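Okay, here's what each chain looks like letter by letter:
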Amino acid sequence: MKILQSLLIVLLIASCNNAAPVEKPVVTKDETHKYPVSMVDNKKDFSCGMPVSAGIGDTAHYKGKVYGFCSTECKDAFLEKPDSFLQANK
Ligand SMILES: [Zn+2]
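All figures in this text were calculated on a predicted structure; none of them were measured in a lab. (Residues numbered from 1 in each chain as written. Predicted model: local features only at pLDDT ≥ 70, side-chain atom pairs only at ≥ 80, totals over all residues. Heavy atoms only, no water.)

It is worth spelling out the overall build of the protein at this point. Across its full length, the protein carries three helices and two strands. Each helix (α) and strand (β) of the protein, taken in turn from the N terminus, gives the series α-β-β-α-α. Among the 90 residues that make up the protein, the fraction classed as buried is 24%. Taking all contacts inside the protein whose residues are at least 6 apart in sequence as the whole, residues at least 24 apart take part in 30%. Of the roughly 7,100 Å² of accessible surface on the protein, a fraction of 61% belongs to carbon and sulfur atoms. (Helix = DSSP H or I, 4+ residues; strand = E, 2+ residues; numbered from the N terminus. Buried < 20%, exposed > 50% of the residue type's maximum accessible area, 1.4 Å probe, protein only. Contact = heavy atoms within 4.5 Å. Areas by Shrake-Rupley, 256 points an atom, 1.4 Å probe, with all protein chains shown as cover.)

Structure, rendered in structure tokens:
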């Protein structure tokens, strides 16, 4: 009787392992290249000085121009005092 019991357990475990793992679809999120460099008016991220060609994570519209930034943090820093950033980057 004990043998039958352990056999049952083995079968249960085996049937569990037979369940194919559900593979999640791989979504490649290319966050850094969602904005083309040609659409922004600045060559460098004003906040950190990184060239926008390295990848634009976020953009800001200011006085009719579009500025690209590597991240939302850099954009937010720019938007806090955009004029002083523009002055410093003339
Ligand atoms: Zn930056």
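With that out of the way, let us pick up unusual backbone geometry. One non-glycine residue, lysine 63, lies in the positive phi region at around 50°. Within the element layout of this structure, lysine 63 appears in the loop between β1 (58-62) and β2 (65-69).

A separate point is the nonpolar core. Core analysis: the biggest nonpolar cluster contains eight residues, these being Phe46, Ala60, Tyr62, Tyr67, Phe69, Cys74, Phe78 and Phe85. Listed by contribution, the elements that provide at least two residues to this core are β1, β2 and α2 (72-80). Ignoring sequence-local partners within four residues, the contact set of phenylalanine 78 consists of Phe46, Ser47, Ala60, Tyr62, Tyr67, Phe69, Phe85 and Leu86. (Core = buried A, V, L, I, M, F, W, Y, C linked by side-chain atoms within 4.5 Å.)

A surface patch of nonpolar side chains, about 320 Å² in accessible area, is lined by Leu4, Leu7 and Leu11. Note on placement: leucine 11 falls in helix α1 (residues 2-18). When its relative accessible area of 53% is taken as the criterion, leucine 11 is described as exposed. (Patch = residues over 30% accessible without salt bridge, like charges linked within 9 Å, V, L, I, M, F, W, Y side chains within 5 Å. Salt bridge = Lys/Arg side-chain N within 4 Å of Asp/Glu carboxyl O.)

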